Amino acid sequence: ESGAPVCILKQGLRPANPSVVMSRVACLAAAAAFGMYGASCFVTPMALRTAPEADAVSSAPFQQGPAAEVESQASAWSPLAIGAALGLLIAVAGGKPALAADLENGESIFNGNCTSCHAGGNNTIVAEKKLKKDALEKYLAGGYSVASIMTQVTNGKNSMPAFGEKLGPDDIDDVANYVYEQASKW
């Protein structure tokens, strides 16, 4: 037992990637902070400013009439603002980070499309061109980067077929990020 957080997948239990866990926690903490700040700006009641005792006598004639009645009846609590703040907080807290690649989706796409040639990061067609970090740095056009892996997956090269028309852009991004993360582990 390593004490690391565990994700439950179809294959069983495995330790969660600490960088993914940390980025999700940071996003949630930032969202909570912005939500609380927004709630305090737009939802909490503001104290009405009162004139000092000396000004109260001189401002008495100006405080009469319909404007004074509207000011005394107005509430600083707005049901619309409360609903908007709560809705935003729920949407941010319940959603996935928009910019983070979905490594679980990348793994399933890899298992469905790539393992016939690249099981375990190997290459059954050209043995030296593995998906390991040192081989990617050496053989991949553009070197070891997510963008280079995305280009290779999209366009193919030599004996590798192109997946640009078979997979969507998000799926290609996810599988490229999965390969990038796994390359140093295979």
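Please read these numbers as outputs of a predicted model, since none were measured by experiment.

What counts and what doesn't
Residues numbered from 1 in each chain as written. Predicted model: local features only at pLDDT ≥ 70, side-chain atom pairs only at ≥ 80, totals over all residues. Heavy atoms only, no water. Helix = DSSP H or I, 4+ residues; strand = E, 2+ residues; numbered from the N terminus. Buried < 20%, exposed > 50% of the residue type's maximum accessible area, 1.4 Å probe, protein only. Contact = heavy atoms within 4.5 Å. Disulfide = S-S within 2.5 Å. Axes fitted to C-alpha atoms, helices over the stretch in contact; angles between N-to-C directions. Parallel < 35°, antiparallel > 145°, perpendicular 65-115°, else oblique. Nonpolar A, V, L, I, M, F, W, Y, C, P; charged D, E, K, R; others polar.

Caption draft 1: Inspection of the environment of Phe34 at higher detail. You can see Phe34 is positioned in helix H1 (residues 18-42). When its relative accessible area of 64% is taken as the criterion, Phe34 is described as exposed. Spatially, the C-alpha atom of Phe34 lies 8.8 Å from that of Leu89, the residues being 55 residues apart in sequence.

Caption draft 2: Structural detail: the environment of Phe110. The residue Phe110 is located in helix H5 (residues 103-113) in this model. A relative accessible area of 2% places Phe110 in the buried class. Taking the C-alpha atoms as reference points, Phe110 and Val179, 69 residues apart in sequence, are found 8.2 Å from one another. With near-sequence residues (within four places) excluded, Phe110 lies in contact with Thr115, His118, Leu131, Val175, Tyr178, Val179 and Trp186.

Caption draft 3: Up close: the state of the cysteines. Counted according to the given criterion, the structure contains zero disulfides. Cys117 provides the cysteine sulfur closest to Cys114, a residue in no disulfide bond, and the two sulfurs are 8.7 Å apart. Given the relative accessible area of 17%, Cys114 is considered buried.

Caption draft 4: Layout of the packing of H5 against helix H9 (residues 169-182). Their axes nearest at 7 Å, the elements H5 and H9 cross at an angle of 90°. Considered as vectors, H5 and H9 are oriented roughly perpendicular to each other. Of the residues in H9, those in contact with Leu103, Asn105, Gly106, Glu107, Ile109 and Phe110 of H5 are Asp171, Asp174, Val175, Asn177, Tyr178, Val179 and Glu181. Of the residues assigned to the contact of H5 with H9, the class counts are six nonpolar, three polar and four charged.

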